[in-house]
Amino acid sequence: MAKDTQQMSFGGSWTQKKLELLEKYLREYTKIFETNVRARHFEITYLDAFAGTGTLAGPETDPLIPSLLPELTEDVDEYQRGSVRRALEIQPEFDHYIFIEKDKVRFNELQAIRQEFPDRDIKVENLDANDFLKIWCTTFNAAKSRAVVFLDPFGANVSWETISLIGMTKAVDLWLLFPLFAVNRMLIKDRKPFPAWAKRLTDLFGTPDWEREFYTSHKDGLPGFEGLERIEKIADTVKISRFLVRRLKQEFVDAAEPRILYNSKRSPLYLFCFAAGNEKGATIGLRIAKYLLEH
């Protein structure tokens, strides 16, 4: 297979863990609305905001983190079902499916997959995911509907504003693949991040408080450097994870402890996160998600 990153399939054990976990949750989610008499009147929607082609299609290059591609392209020849096909094959099924893909080529491929499931109510949007979700969240009818949103971007392409709007619906559960690898790379060891990276981090977390949480400073005591302020990164996977969970809990009813997804070299790539949006359904949703994330 040609090593063109735009065409390369990518995956590996971390991808399979993510997809298997999501598939199991979606299956349990739809069962609730089929078997629970009080929940049957709700229409349920599955929304995949970075749908790709329904298989494990290659990521677009992020100009801030181009060197990360080798870490994300393990097992490049392995074809696997992506999140789109898995969601469409789940029984009981959702009432509605929404797949968003900004890239025109991959959007057209999603349209073709749509033809394979003529009995499903599928909507495919060729738009920026953040832009689409801003409109969708503000028009979401929580009195009649419930939903699961899956945010699986490459790099750091989801703004916190989008996550906040999802939480404000009070009716949507969120699965988020958080780019831990990108955050770690932008958090420079012995100085504050470059301005463009600092802005990206603030957009990711929805607050500049990450700087206080992830860095410390002290006066240098070395001869010739007395009084000089030294900056030190204190963030690690645990600190970043805890900070992210606190932020999610500020927007949603509750959030589970994320699962760390590693590549084949045991380098942490992502935090796979779950947040429950509806107060009445949060207990059972969190119980299912926590079990899956822990096991």
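Preceding block: the structure.
Residues numbered from 1 in each chain as written. Predicted model: local features only at pLDDT ≥ 70, side-chain atom pairs only at ≥ 80, totals over all residues. Heavy atoms only, no water.

### Here's the deal with the side chain of T30
For step 1, the next point in the chain: As for its placement among the helices and strands, T30 is situated in helix 1 (residues 13-35).
For step 2, the next point in the chain: Beyond its immediate chain neighbours, meaning those up to four positions away, T30 contacts I44, I90, Q91, P92, E93 and F94. (Helix = DSSP H or I, 4+ residues; strand = E, 2+ residues; numbered from the N terminus. Contact = heavy atoms within 4.5 Å.)

### A short note on the packing of helix 5 (residues 129-138) against helix 6 (residues 160-168)
For step 1, the next point in the chain: Taken N-terminus to C-terminus, the directions of helix 5 and helix 6 make an angle of 25°; their axes are 9 Å apart at the nearest point. As judged from the angle between their axes, helix 5 and helix 6 are roughly parallel. Helix 6 is crossed by helix 5, and the crossing has left-handed handedness. Along its contact with helix 5, which presents N130, L133, K134 and C137, the element helix 6 presents E161, T162, L165 and I166. (Axes fitted to C-alpha atoms, helices over the stretch in contact; angles between N-to-C directions. Parallel < 35°, antiparallel > 145°, perpendicular 65-115°, else oblique. Left-handed = near helix turned anticlockwise from the far one by under 90°.)

### Quick notes on the environment of L293
For step 1, the next point in the chain: Looking at the secondary structure, you find L293 in helix 11 (residues 282-294).
For step 2, the next point in the chain: A sequence separation of 275 residues divides L293 from K18, and the C-alpha atoms of the two residues are 9.4 Å apart.
For step 3, the next point in the chain: Beyond its immediate chain neighbours, meaning those up to four positions away, L293 contacts L21, W175, A256, E257, R259, F272 and F274.

Any functional reading would require information beyond the geometric quantities listed.
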